[in-house]
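Listed here are the chains, written in short residue letters.
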Amino acid sequence: MSGLQSVDWQISLNEQAHHTDKFSSQELVVRRGQLFYMSLTVYRCLGCNRSATFTASTGPYPSESAKTKAVFPLSNRISGTGWGAQLLNNKNNVLSISILSPADAPIGRYTLSIEISYEGNDSTTEVGTFILLFNPWLQADSVFMSNHDEREEYVQEDAGVIFVGRTSYISKIGWNYGQFEEGILNICLSLLDNSLNFRRDPATDVARRDDPQYIGRVLSAMINANDDYGVISGNWSGNYAGGQDPRNWNGSVEILKQWQSSGFRPVRYGQCWVFAGTLNTALRCLGIPSRVITNFNSAHDTDKNLSVDVYYDPRGWPMDKGSDSVWNFHVWNEGWFARTDLSPSYSGWQVLDATPQERSQGVFQCGPASVVALREGNVDWDYDMPFIFAEVNADRITWIYDAWTGALKKNFSNTHTIGKNISTKAVGSNSRMDVTEKYKYPEGSSQERQVFEKALGKLQPSMSLHATSARVFSREEREPSISGKFKITDILTVGKEVNMALVLRNLTGDSKTVTVNMTAWTIVYNGTLVHKVWKESVTLSLGPNEEIQHPVKIAYALYEKYLKADNMIRATAVCEISDETEVVVERDIILENPTLTLEVLDQARVQKPVTVQILFSNPLDELVKDCKLIAEGSGLLQGTLEIDMPNLSPREQSQVDFEILPTRSGTKQLLVNLSCNKFSAIKGMLPIKVVE
């Protein structure tokens, strides 16, 4: 009898060397282009006319020509950069072996088998399976990242923060990426096996998995459920019946597990940061360095003219006309890898966006788009450059549309409100890092305008230079004789009256009479109007150069039933002066939720239960009921913890204690979401230092 008796994959030794020791997988997980070690016990000694050959293969149709199968001998040294196996020691029928994979091998699950030949008799035995990932530690890998702290953040960090809100009111929410949690690596591999590309042509798809550019694009399609067996179903309607309010999620782990356990049915519901948080988990899991980016005042330009049109009617009502929109914020990802299809200076950070906004090659997918190329206005390059360029650079044009007469009047165009405070989490801390200058030259600079004109020329070649410059001059519309803005005059809190003032200023030496039509709507963060909650019309007189403040008060009773988890209200005023252009004043405001106070009551230690205490006060003069607390945190809790809380009387304080069991040392992040009938999503976040 000859052949294989037993296998030792030396998992802990290999995974430490390959930076994969955080994965809770029973299988060996290694990175490409780097040696790994194993020992095989055979029934008879090797040598004495006996030789061994390995076969490593991946996918359902492995082939050597597609590089999804490799056959390589066990020899005394490994030569070249392809697959190889070296015999390090041969003692008492135990073979100590090192195996090398190429730095450009397709990633995924491999089957390894060994053929032992003896005097013309061959016996082949399957050794087992292992998982091969991208290797950001290796210079020869196209995802190589040289900076140690950045690798730790963008590959190894399994929790983070995502910036949300609006330009003048940026806040952050915690997100549990959880790429090392049990089962997540398998789920991320099954994302690839459920893709349209794999279903159409599995052999080609698996062969292309050597390329992070390809994997990134496939994942951007798979995280949304729009064309394939993808993960998350998007919903921006404000009505989330039949699913989870997108604001209630604390991380990707529950979403990915729900998708898998349901037989790959879409998980309901997500909005942009949910898609981006989940894509970040998949990218980091497979070894592509990645981060989450938030763009404030993000344009959704559907017709590639680099402008977004916003409409009002003369009553001051925002109109749902046209398909363009401006989102208070939009969240996408950047993956770090070489662009082999472009020159080397365009490698590095690449935009990937899994939120289903526009089709690309017939599918809801977006990117990769080189951030350096976006800054230079190269909108004719791959992939989806015009759409992403517009998100951060479009001009915003306000129109007044009178449905009775059909009259459409251009009111104002603004070249510098789109693409503000582009943000990501800083390396090694939860503070905000501004990356706006990576996406565009300084607003108002000559380079920024040149890049804009270059991009416009590429997108609309029919626009001659003259027409392009005419577009610049047409921006100098007739100056209005008054200016206006909404000013906040009191703290904005859910449950309280909203107090603002409409500030109008006469910019001329003549008296003016102004007719003002004002409305307020509850909205979703992307501008979807939910419900009109207030309106008022007034006529105001302004003396020469006078500034006046007209108070605006919106009672809690008016907005209470219609406020969404975004806590956003849009106030608008259309100010008319006879025979002049109307002045449109608009402001989105965000109401503060009451806070959750989180505290860990003792030093957290690995494998020692510790109590967390949460305090919450009902700020309202009415009963709060249906309170549910969801806690999550990689390395602190297995899965999520759900706690039903008792009803809270007016102004009552509630205390909840629960135990966590830390499984890994280091600073871990505990995330909590409280939802009830009056508050849809109150967030809490607590960094917990866990010692051995």
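Residues numbered from 1 in each chain as written. Predicted model: local features only at pLDDT ≥ 70, side-chain atom pairs only at ≥ 80, totals over all residues. Heavy atoms only, no water.

As annotated in an unreviewed UniProt entry, the chain carries the name protein-glutamine gamma-glutamyltransferase and is attributed to Tursiops truncatus. Per UniProt, the chain has the following entry under Sequence similarities (unreviewed entry): "Belongs to the transglutaminase superfamily. Transglutaminase family." On record in UniProt, under Catalytic activity (unreviewed entry), the comment for the chain is "L-glutaminyl-[protein] + L-lysyl-[protein] = [protein]-L-lysyl-N(6)-5-L-glutamyl-[protein] + NH4(+)". (UniProt positions renumbered as here; feature names shortened; annotations may be inferred.)

Caption draft 1: How the structure looks around the packing of helix H10 (residues 385-393) against helix H12 (residues 446-459). For the pair H10 and H12, the least separation of the axes is 12 Å and the interaxial angle reads 145°. Considering only the axes of H10 and H12, their crossing is left-handed. Mapping the contact onto sequence places Pro386, Phe389 and Asn393 in H10 and Val451, Phe452, Ala455 and Leu459 in H12. For the contact of H10 with H12, the residue count by class is six nonpolar, one polar and no charged. (Axes fitted to C-alpha atoms, helices over the stretch in contact; angles between N-to-C directions. Helix = DSSP H or I, 4+ residues; strand = E, 2+ residues; numbered from the N terminus. Left-handed = near helix turned anticlockwise from the far one by under 90°. Contact = heavy atoms within 4.5 Å. Nonpolar A, V, L, I, M, F, W, Y, C, P; charged D, E, K, R; others polar.)

Caption draft 2: Fine view of the sheet that holds strand S4 (residues 50-58). Taken together, nine strands build an open sheet; the order of strands is S1-S3-S7-S6-S5-S4-S8-S9-S2 and the sheet is mixed. Of all the strands in the sheet, the pair left with one neighbour each is strand S1 (4-8) and strand S2 (28-31). Across the sheet, the mean angle from the axis of one strand to that of its neighbour is 30°, orientation sign disregarded. Pairing of S1 with strand S3 (residues 36-42), which is carried by four bridges, proceeds in the antiparallel orientation. Note that in S3 the partner of Val7 across the bridge is Leu40. Against the sheet, helix H3 (residues 184-193) contacts S2, strand S8 (108-118) and strand S9 (121-133), and its axis sits at roughly 100° relative to S9. (Pairing = 2+ DSSP bridges.)

Caption draft 3: The arrangement of the environment of Ser262 in detail. With respect to the secondary-structure elements, Ser262 resides in the loop between helix H7 (253-261) and strand S13 (267-270). Only 3.1 Å separates the side chain of Ser262 from the backbone nitrogen of Arg265, close enough to count as a polar contact. (Polar contact = N/O pair within 3.5 Å; in protein donor to acceptor, adjacent residues only side chain to side chain.)

Caption draft 4: Molecular detail of the packing of H3 against H7. One can describe the packing of H3 onto H7 by two numbers: an axis separation of 10 Å at closest approach and a directional angle of 60°. Relative to H7, the element H3 lies oblique. Considering the relative orientation of H3 and H7, their crossing is left-handed. Residues Ile184, Ile187, Ser190 and Leu191 of H3 lie in contact with H7, whose contacting residues are Val253, Leu256, Lys257, Trp259 and Gln260. (Parallel < 35°, antiparallel > 145°, perpendicular 65-115°, else oblique.)

Caption draft 5: Layout of unusual backbone geometry. Omega for the peptide link from Arg268 to Tyr269 comes to -5°, which places this bond in the cis form. With respect to the helices and strands, Tyr269 occurs in strand S13. Here the bond from Asp382 into Tyr383 is cis, since omega is -5°, no more than 30 degrees from zero. Of note, Gln361 is a non-glycine position whose phi angle comes to about 50°, a positive value. On the secondary structure map, Gln361 appears in the loop between strand S18 (348-352) and strand S19 (369-370). Given the relative accessible area of 63%, Gln361 is considered exposed. Non-glycine residue Arg651 carries a positive phi angle of around 65°. Counting through the fold element by element, Arg651 comes out in the loop between strand S35 (641-645) and strand S36 (653-660). (Buried < 20%, exposed > 50% of the residue type's maximum accessible area, 1.4 Å probe, protein only.)

Caption draft 6: Spatial organisation of the pattern of salt bridges. On inspection of all chains with the given rule, the structure shows 26 salt bridges. Salt-bridge contacts for Arg209 lead to Asp205; the nearest nitrogen and oxygen are separated by 2.6 Å. Just as Arg209 is buried, Asp205 falls in that class too. In this structure, Arg217 and Asp384 form a salt bridge, with 3.0 Å as the shortest nitrogen-oxygen distance. Linking Arg217 in helix H6 (residues 212-222) with Asp384 in the loop between helix H9 (371-375) and H10, this pair joins segments that are 167 residues apart in sequence. Judged by relative accessible area, which is 9%, Arg217 ranks as buried. Overlapping salt bridges bring together Asp193, Asp205 and Arg209 as one network. (Salt bridge = Lys/Arg side-chain N within 4 Å of Asp/Glu carboxyl O.)

Caption draft 7: Representation of the sheet that holds strand S31 (residues 596-600) within the structure. Spatially, S31-S33-S36 is the arrangement adopted by the three strands of the open sheet, whose pairing is antiparallel. If you trace the sheet from one side to the other, it starts and ends with S31 and S36, each paired once. Between one strand and the next, the sheet's axes are offset by a mean angle of 20°, whatever the strand orientation. By the bridge criterion, eight bridges tie strand S33 (residues 610-617) to S36 in an arrangement that is antiparallel. Looking at S36, one finds that Thr611 is bridged to Glu659.

Caption draft 8: Up close: the UniProt feature "active site" (unreviewed entry) in the chain. Feature annotation in UniProt places "active site" (unreviewed entry) on Cys272, His330 and Asp353, given in this structure's numbering. For this annotated set, covering 82 residues, all C-alpha atoms fall within 9.9 Å of each other, a compact arrangement in space. Within the fold, His330 resides in strand S17 (residues 325-337). Every residue in contact with His330, bar those within four places of it in the chain, is listed here: Cys272, Ile293, Thr294, Asn295, Ser298, Asp353, Thr355, Gln357 and Glu391. Among the secondary structure elements, Asp353 is positioned in the loop between S18 and S19. Ignoring anything within four residues of it in the chain, the contact list for Asp353 reads Ser220, His330, Val331, Trp332, Gln365, Cys366 and Glu391. In this structure the side chain of Asp353 is engaged in a polar contact, spanning 2.7 Å, whose partner is the side chain of His330.

Caption draft 9: Structural context of the nonpolar core. Judged by nonpolar contacts, the single largest core of 64 residues is most densely connected at Leu185, Leu191, Leu219, Trp273, Leu286, Phe329 and Tyr525. Per element, the largest residue contribution to this core is ten residues, and it comes from helix H8 (residues 272-286). Discounting residues that sit within four places of it in the chain, Leu219 has contacts with Leu191, Leu192, Leu279, Ala282, Leu283 and Leu286. Residues Ile482, Leu540, Ala604 and Leu670 belong to the second largest nonpolar core, which totals 62 residues. (Core = buried A, V, L, I, M, F, W, Y, C linked by side-chain atoms within 4.5 Å.)

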